Amino acid sequence: MQTFSTNICERMDRSQELNEFKRGTMMSCHLCNMSIREISLLLNIPQSTVSGIITKWKQLGTTATQPRSGRPCKMTERGQRMLKHTVHRSHQLSAESIAKDLQTSFGLQISTTTVCRELHGMGFQWQSSCIQALHHQVQSKCSGVKHATTGL
């Protein structure tokens, strides 16, 4: 049994995905009859990851990343930049008018719900103008009642 003191790869983070070179190196070592533990020590990758890649190769015949489940995002990075630019250009727009503006100017088919969700994800503290108007009406009615009861 050989011990390996050199690490070919740096330590892998949890969220980092293995590139094709690391996967190919793992498969080359496996085909040279190295154990999972030896491959793990050599590449400084957890044994469970090495085992998973080898199992995937045996079952599917490939080590490539498979498509993930779930609906793909509607907004691309470019669309998010356009949305941010539109909001910075005019702060008083409602979600409906922003969606219409993006549809006419840039050809993005996007709903008002998606606009609100994306702006919230970008960190904007934002409400549509109709909600703001309703909020002001409620405050004015409440302040009128307070003035009537206090006599001011």
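Note that residues are indexed from 1 along each chain, following the sequence as it is written. Local features in this predicted model are restricted to residues whose pLDDT is 70 or higher, and side-chain atom pairs enter the listing and the counts only when it is 80 or higher, whereas totals over whole chains, interfaces and linings include all residues. Derived side-chain values reflect all non-hydrogen atoms in the structure, with water molecules and hydrogen atoms excluded from consideration.

### A few points about the overall build of the protein
Part 1: From N to C terminus, the protein includes 7 helices and 0 strands.
Part 2: Buried, partly exposed and exposed residues are distinguished by accessible area as a fraction of the type maximum, computed with a 1.4 Å probe on protein chains only: under 20%, between the cut-offs, and over 50%, respectively. By the burial criterion, 25% of the 152 residues in the protein qualify as buried.
Part 3: If you sum the accessible surface of the protein, you get close to 11,300 Å²; carbon and sulfur atoms cover 53% of it. Secondary structure elements are defined from DSSP: runs of H or I of at least 4 residues count as helices, runs of E of at least 2 residues count as strands, and each element is numbered from the N terminus. Residue burial considers only the protein chains on display, and all accessible areas are found by Shrake-Rupley using a 1.4 Å probe.

### A closer look at the packing of helix α1 (residues 20–31) against helix α3 (residues 47–60)
Between two packed helices, what matters for the description is the angle formed by their axes and the separation of those axes.
Part 1: Throughout, an axis means a line fitted to C-alpha atoms (over the contacting stretch in the case of helices), and angles, computed between N-to-C directions, take values from 0 to 180 degrees. Where α1 meets α3, the axes come as close as 10 Å, and the angle between the chain directions of the two elements is 80 degrees. By the angle class used here, α1 and α3 are roughly perpendicular. Between α1 and α3, the residues in contact are R23, M26, M27, H30 and L31 and V50, I53, I54, K56, W57 and K58, respectively. Roughly parallel means an angle under 35 degrees; roughly antiparallel, over 145; roughly perpendicular, 65 to 115; everything else is oblique. Note on contacts: a residue pair is in contact if any heavy atoms of the two residues lie within 4.5 Å.

### Re the nonpolar core
Part 1: Take the buried Ala, Val, Leu, Ile, Met, Phe, Trp, Tyr and Cys residues and link them wherever side-chain atoms come within 4.5 Å; each set so joined is a nonpolar core. Of all hydrophobic cores here, the largest spans 12 residues; its members are L18, M26, M27, C29, M34, I39, L42, L43, I45, V50, I53 and I54.
Part 2: Of all elements in the fold, only α1, α2 (36–43) and α3 reach the threshold of two or more residues within this core.
Part 3: Residues L83, A95, I98 and A99 belong to the second largest nonpolar core, which totals 11 residues.

### Examining the confidence of the model for the protein
Part 1: Scored by pLDDT, the protein comes out at a mean of 77, with 72% of its residues at no less than 70.
Part 2: Taken element by element, the predicted model of the protein shows its lowest mean pLDDT in helix α7 (residues 129–150) (48) and its highest in α2 (94).
Part 3: For residues 129–138, every residue scores under 50 in pLDDT, and the model assigns this stretch 4 contacts once sequence neighbours within four places are set aside.
Part 4: Low pLDDT (under 50) marks residues 145–150, which in the prediction has 1 contact with non-local residues, meaning those over four places away or in another chain. Every residue is assigned a pLDDT by the predictor, reflecting its confidence on a scale from 0 to 100.

### Focus: unusual backbone geometry
Part 1: Positive phi, close to 65 degrees, is recorded for N33, a residue that is not glycine.
Part 2: Mapped onto the secondary structure, N33 falls in the loop between α1 and α2.
Part 3: One non-glycine residue, N44, adopts positive backbone phi at about 55 degrees.
Part 4: Structurally, N44 can be placed in the loop between α2 and α3.

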